[in-house]
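Structure at a glance
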Amino acid sequence: MTTIVITGASDGIGAEIARQMADRYGVKAVLVLAARDVAKLQTVASQCAAVGARTLILPVDVSEQSQCIQLIETTVKNFGGIDILINNAGISAQAFLQEVESQKLNLYDYIMRVNHWGSVWCTHAALPHLLASQGRIVAVASLAGLVGLPGLTAYCSSKFAMTGFFESLRTELIDSGVCVTIAYPGFVDTQMRVHRLNAQGEVDSSNRHISKNAMPVEECARLIVQATMRRKRQVVMTTKGKLGQWIKLIAPSWIDRMAIASIKHKP
Ligand SMILES: NC(=O)c1ccc[n+]([C@@H]2O[C@H](COP(=O)([O-])OP(=O)(O)OC[C@H]3O[C@@H](n4cnc5c(N)ncnc54)[C@H](OP(=O)(O)O)[C@@H]3O)[C@@H](O)[C@H]2O)c1
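Read on for a plain summary of the structure. (Residues numbered from 1 in each chain as written. Predicted model: local features only at pLDDT ≥ 70, side-chain atom pairs only at ≥ 80, totals over all residues. Heavy atoms only, no water.)

What about the overall build of the protein chain?
Check the secondary structure of the protein chain and you find eight helices and seven strands. Rg of the C-alpha trace for the protein chain: 18 Å, near the compact-globule value of 18 Å for 267 residues, within the 12% margin. If one aligns the C-alpha atoms of the protein chain with their principal axes, the spans along those axes are about 50 × 40 × 35 Å. In the protein chain, which comprises 267 residues, the share counted as buried stands at 52%. Pairs at least 24 residues apart make up 74% of the contacts formed inside the protein chain by residues separated by at least 6 positions. Taking the average location of the 27 positive side-chain charges in the protein chain and that of its 20 negative ones, the two points are 7 Å from each other. (Helix = DSSP H or I, 4+ residues; strand = E, 2+ residues; numbered from the N terminus. Rg over C-alpha atoms; globule rule 2.2 N^0.38 Å. Buried < 20%, exposed > 50% of the residue type's maximum accessible area, 1.4 Å probe, protein only. Contact = heavy atoms within 4.5 Å. Lys, Arg positive; Asp, Glu negative; His and termini not counted. Charge placed at Lys NZ, Arg CZ, Asp CG, Glu CD.)

Given below as structure tokens:
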């Protein structure tokens, strides 16, 4: 049996990774699906169970360390170990720094808790079990974890933090048999923009449109699952994302202009 823990498995990329892992492993899969929305988790679990996978849904808010620890402990208690941990749960915020009043700066703290700390807490709790299984750690970061983007200071900070944490951890684990794969998606066709917070820290319902250039969620999940299976160090999505890495080294100010243009074109 292969035990796979996925955070943010109720929707979007995490839900699709769960379905694709279930397809890949079939009856040999144990999928532990974590997020806050239990009804949505149940839907994903029944889709995975339909191809024979064993599932456990756990209501978890990754912004609370105790719940991250509980997620890992319950998994190990039920299934004896962990083979793959996919740190995917995430939330975005869009606001220019000068629009955020000082008493609302805890928005930055919240985004960090969900995106960065949630990943750190789950990974820390799971590490002894992943060392025992010589397993795989996956971090769903973002191109916003490689390049600064206007209006996304909170989101980029959290994703850059993930990049630093998981790059560093990879070096610590180099001879351990545990691999660390960091995924850097670009724009993906999910509901993330619907859940995005504004300068007041409230859900910004004006942001419902998905870019017509967004990657289908199936393709994004497929690239992440493939990189996980191949124990790749990273998967940078989109041609612009790949080119951007090189341009940043050669002509960093050009990257700033590209970043501004890429956001301007989004609805
Ligand atoms: N969509 C994109 O364009 C894009 C691009 C680059 C990177 N990403 C990254 O991909 C990951 C998945 O995003 P997505 O596009 O699939 O967004 P999504 O459709 O909004 O899904 C986000 C998932 O995270 C979960 N989540 C949010 N806050 C949580 C919390 N406090 N505790 C536990 N789970 C929480 C949500 O579940 P509940 O609400 O049920 O808790 C949901 O399952 C995120 O890390 C995101 O930053 C997305």
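A word on the site of the ligand
Around the ligand, the structure places 31 residues, and the nearest of them are S10, I13, R36, Y155 and T190. Contact between the ligand and G90: an oxygen atom at 3.4 Å from a main-chain N or O atom of the residue. Between the ligand and R193, the relevant distance is 2.9 Å, taken from an oxygen atom to a side-chain nitrogen or oxygen of the residue. Summarising the interface, the protein chains cover 96% of the accessible area of the ligand, which totals 880 Å² for the free molecule. Mapped onto the shell around the ligand, the elements with two or more residues apiece are α1 (12-25), α4 (106-133) and α5 (153-172). Class assignment of the residues belonging to the shell around the ligand gives a composition of 15 nonpolar, 10 polar and six charged. (Near = heavy atom within 4 Å. Polar contact = N/O pair within 3.5 Å; in protein donor to acceptor, adjacent residues only side chain to side chain. Areas by Shrake-Rupley, 256 points an atom, 1.4 Å probe, with all protein chains shown as cover. Nonpolar A, V, L, I, M, F, W, Y, C, P; charged D, E, K, R; others polar.)

Considerations on the side chain of T190
Inspection of the secondary structure puts T190 in the loop between β6 (179-184) and α6 (217-229). What makes T190 buried here is its relative accessible area of 12%. In this structure the side chain of T190 is engaged in a polar contact, spanning 3.1 Å, whose partner is the backbone nitrogen of M192.

Considering the pattern of salt bridges
Enumeration over the complete set of coordinates arrives at three salt bridges. Put simply, E167 and R170 hold a salt bridge, and the shortest N to O gap is 3.7 Å. Of the two residues, E167 and R170 are both situated in helix α5; the distance of three residues between them amounts to about one turn of the helix. Taking the relative accessible area as the measure of exposure, R170 reaches 10% and is therefore buried. (Salt bridge = Lys/Arg side-chain N within 4 Å of Asp/Glu carboxyl O.)

A look at the sheet that holds strand β5 (residues 136-140)
Paired through backbone hydrogen bonds, the strands of a sheet run either parallel or antiparallel to each other. One open sheet accounts for seven strands, arranged β3-β2-β1-β4-β5-β6-β7; its pairing is parallel. Across the chains shown, the open sheet's two edge strands, defined by having one partner strand only, are β3 (54-59) and β7 (234-236). Taking each pair of neighbouring strands and ignoring which way they run, the sheet shows an average axis angle of 15°. Here strand β1 (residues 2-7) runs beside strand β2 (residues 29-35); their pairing, made up of six bridges, is parallel. Among the inter-strand pairings, V5 is bridged to a residue of β2, identified as V32. In the packing of helix α2 (residues 38-49) onto the sheet, the strands contacted are β2 and β3, and the crossing angle to β3 comes to about 170°. (Pairing = 2+ DSSP bridges. Axes fitted to C-alpha atoms, helices over the stretch in contact; angles between N-to-C directions.)

Some points on a positive patch on the surface
On the surface, a cluster of positive charge is contributed by R24, R230, K232 and K242. In this fold, K232 is placed in the loop between α6 and β7. (Patch = residues over 30% accessible without salt bridge, like charges linked within 9 Å, V, L, I, M, F, W, Y side chains within 5 Å.)

Description of the packing of α4 against α5
Axis separation between α4 and α5 bottoms out at 8 Å; the angle between their running directions is 20°. On the basis of the axis angle, α4 is roughly parallel to α5. Considering the relative orientation of α4 and α5, their crossing is right-handed. On α5, the residues that touch Y108, I111, M112, N115, H116, S119, V120 and T123 of α4 are T153, A154, Y155, S157, S158, K159, A161, M162, F165, F166 and L169. Taken together, the residues of the contact of α4 with α5 sort by class into 11 nonpolar, seven polar and one charged. (Parallel < 35°, antiparallel > 145°, perpendicular 65-115°, else oblique. Left-handed = near helix turned anticlockwise from the far one by under 90°.)

A word on the nonpolar core
Formed by 55 residues in total, the largest nonpolar core has its most connected members in L71, I72, I137 and F166. Those elements giving two or more residues to this core turn out to be β2, β3, α3 (65-79), α4, β5, α5, β6 and α8 (252-264). In terms of residue count, α4 provides more of this core than any other element does, nine residues in total. A29, A35, V44 and I224 belong to the second-largest nonpolar core, a separate cluster that totals 35 residues. (Core = buried A, V, L, I, M, F, W, Y, C linked by side-chain atoms within 4.5 Å.)

Observations regarding the side chain of T75
In this fold, T75 is placed in helix α3. In this structure T75 comes out as buried when scored by relative accessible area, which is 0%. In contact with T75, other than residues within four places in its own chain, are T3, V5, V32, L58, G80, G81 and I82.

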